[in-house]
Amino acid sequence: MTTTEIIWRVALSFIGLFLLTRMMGRKEISQMTFFNFVSAISIGSITANLAVNANLSVRNGVIALVLWTAFTLLIAFIDIKSKRARKFTTGEPIIVIKEGRIMEDALRSTQLEIDALRTLLRQKNIFTLKDVQFAIFETSGQLSVMKYESNQPVTKKDLNILPKNNIYPLATEIITDGKINTNNLQRLGKNKDWLYLQLQNMGIKDIDQIFYAEVLPNGSLYIDKKDDTLTN
């Protein structure tokens, strides 16, 4: 492949990619779903091959690029016209926290584990599940959160009542899916005896009943029971 052909291919690929991405609109970036993500990677891969792969003719490369973009635009058009089709191609937002409770079935269906959920909450400046009234896992992979109105950000006064040996001035996970995080307990200056006593005072006899638990900045315990142990 000559230098002139390389320049021609790269210029054609650049112009084609620019025009096609403009046609697809801003949704590819602003509201990227799994399909949008795969589509963008595929178009980028086709364009790269068109630019440097001598085994791929310019004609075939352009045809592949145009057809893939056309299919992407067709799916986008169907999504706009049909809500039922949109549910199939894009999926639906899923409530993962409702009235302060973790929806375990929703976590499993989205393959979202508790640590990833807590990471998404921290990105929203929320450091304890107790503050959350509703959390919705969007089709873009982002988390939308509605906090309880009564919950305010942690103040210096709140931090002053933390145990002196607590190196984390934030909510600290101590139980996940019925398993105790002994390292975090030690960091808090607590032990299993303290934990079992707190659970006993709350009427919880078996630690397997607990899906998630954390020690709040004020030293109290927040507990989310497993769905199959809930009682009215």
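Note that the coordinates shown come from a computational prediction; the quantities given were computed from them, not determined experimentally.

Engineer: How should I be thinking about the overall build of the protein in this particular structure?
Structural biologist: In terms of helices and strands, the protein carries 10 helices and 8 strands. Taken across its 232 residues, the protein has 32% of its residues classed as buried. Considering only contacts in the protein between residues 6 or more positions apart, those separated by 24 or more positions represent 54%. With an accessible surface of roughly 14900 Å², the protein has 58% of that area assigned to carbon and sulfur atoms.

Engineer: Even after reading the chapter, I still don't get the confidence of the model for the protein, so can you show me in this structure?
Structural biologist: Do not read the predicted coordinates in detail wherever pLDDT is low. For the protein, per-residue confidence averages 79 on the pLDDT scale, and 83% of positions sit at 70 or higher. Taken as a whole, residues 161–168 scores under 50 in pLDDT and shows 13 contacts with residues more than four places along the chain or in a different chain.

Engineer: I tried to follow the sheet that holds strand β4 (residues 143–147) on my own but got confused; where do I start?
Structural biologist: Within a sheet, adjacent strands bond to each other through the backbone by hydrogen bonds, running parallel or antiparallel. Pairing in this open sheet of 4 strands is antiparallel, and the strands run β2-β1-β3-β4 from one edge to the other. Because the sheet does not close on itself, it has two edges, and the strands there are β2 (101–102) and β4. With 5 bridges joining them, strand β3 (residues 132–137) and β4 adopt antiparallel strand pairing. The residue of β4 that forms the bridge with alanine 135 is valine 145.

Engineer: Help me out: how do you make sense of the sheet that holds strand β7 (residues 210–215) in this one?
Structural biologist: The strand order β6-β5-β7-β8 describes an open sheet built from 4 strands, whose pairing is antiparallel. With partners counted over all chains shown, the strands left at the sheet margins are β6 (179–180) and β8 (221–225), one partner each. By the bridge criterion, 4 bridges tie strand β5 (residues 172–176) to β7 in an arrangement that is antiparallel. Across the sheet, threonine 176 pairs through a bridge with tyrosine 212, a residue of β7. Contacts from helix α7 (residues 114–123) reach β5 and β7 within the one sheet, and its direction differs from that of β7 by about 40°. In this fold helix α10 (residues 192–201) packs onto β5, β6, β7 and β8, with an angle of close to 65° to the strand it touches most, β8.

Engineer: Explain the pairing of β7 to me, please; I cannot follow it from the model alone.
Structural biologist: Along a regular strand, successive side chains alternate from one face of the sheet to the other. With 6 of 6 residues buried, β7 lies mostly within the body of the structure. Where β7 meets β8, 5 bridges bridge the pair, whose relative direction is antiparallel. Among the inter-strand pairings, isoleucine 210 is bridged to a residue of β8, identified as lysine 225. Connecting β7 to the antiparallel partner β8 that follows it, the hairpin turn spans 5 residues, and glycine 219 within it adopts a positive phi of roughly 90°.

Engineer: Would you take a moment to explain the nonpolar core for this structure?
Structural biologist: Within soluble globular proteins, side chains that are nonpolar tend to cluster in buried spots. Of all hydrophobic cores here, the largest spans 21 residues; its most connected members are Val96, Ile97, Leu117, Leu121 and Leu143. Those elements that provide at least two residues to this core are β1 (94–98), α6 (104–110), α7, β3 and β7. Broken down by element, the residue count for this core peaks at 4 residues, all from α7. Those residues in contact with leucine 121, other than ones at most four positions away along the chain, are Ile97, Ile126, Leu129, Val132, Leu143 and Val145. In this structure, Leu185, Leu195, Ile204 and Ile210 belong to the second largest nonpolar core, which totals 14 residues.

Engineer: I would appreciate a short explanation of α7 in the present structure.
Structural biologist: Quick reminder: α-helices carry 3.6 residues per turn. Residues three or four places apart thus point the same way. Among the residues of α7, Ile114, Leu117, Arg118, Leu120 and Leu121 are the ones counted as buried. Take α7 and look down its axis: the buried residues cluster within an arc of 160°, on one side only. Two or three places before aspartate 115, at the opening of α7, glutamate 113 has a side-chain oxygen 2.9 Å from that residue's backbone nitrogen. Asparagine 125 sits one or two positions beyond α7 and adopts a positive phi of about 60°.

Engineer: Would you mind showing me how to read the pairing of β3 here?
Structural biologist: Across 4 bridges, the pairing between β1 and β3 is antiparallel. Residue isoleucine 95 lies in a different strand from β3, and its bridge partner there is isoleucine 136. What sits between the antiparallel neighbours β3 and β4 is a turn of 5 residues, in which glycine 141 has the positive phi angle 90°.

So, how was this worked out
Residues numbered from 1 in each chain as written. Predicted model: local features only at pLDDT ≥ 70, side-chain atom pairs only at ≥ 80, totals over all residues. Heavy atoms only, no water. Helix = DSSP H or I, 4+ residues; strand = E, 2+ residues; numbered from the N terminus. Buried < 20%, exposed > 50% of the residue type's maximum accessible area, 1.4 Å probe, protein only. Contact = heavy atoms within 4.5 Å. Areas by Shrake-Rupley, 256 points an atom, 1.4 Å probe, with all protein chains shown as cover. pLDDT = per-residue confidence, 0-100. Pairing = 2+ DSSP bridges. Axes fitted to C-alpha atoms, helices over the stretch in contact; angles between N-to-C directions. Core = buried A, V, L, I, M, F, W, Y, C linked by side-chain atoms within 4.5 Å. Arc of directions from axis to C-beta. Polar contact = N/O pair within 3.5 Å; in protein donor to acceptor, adjacent residues only side chain to side chain.

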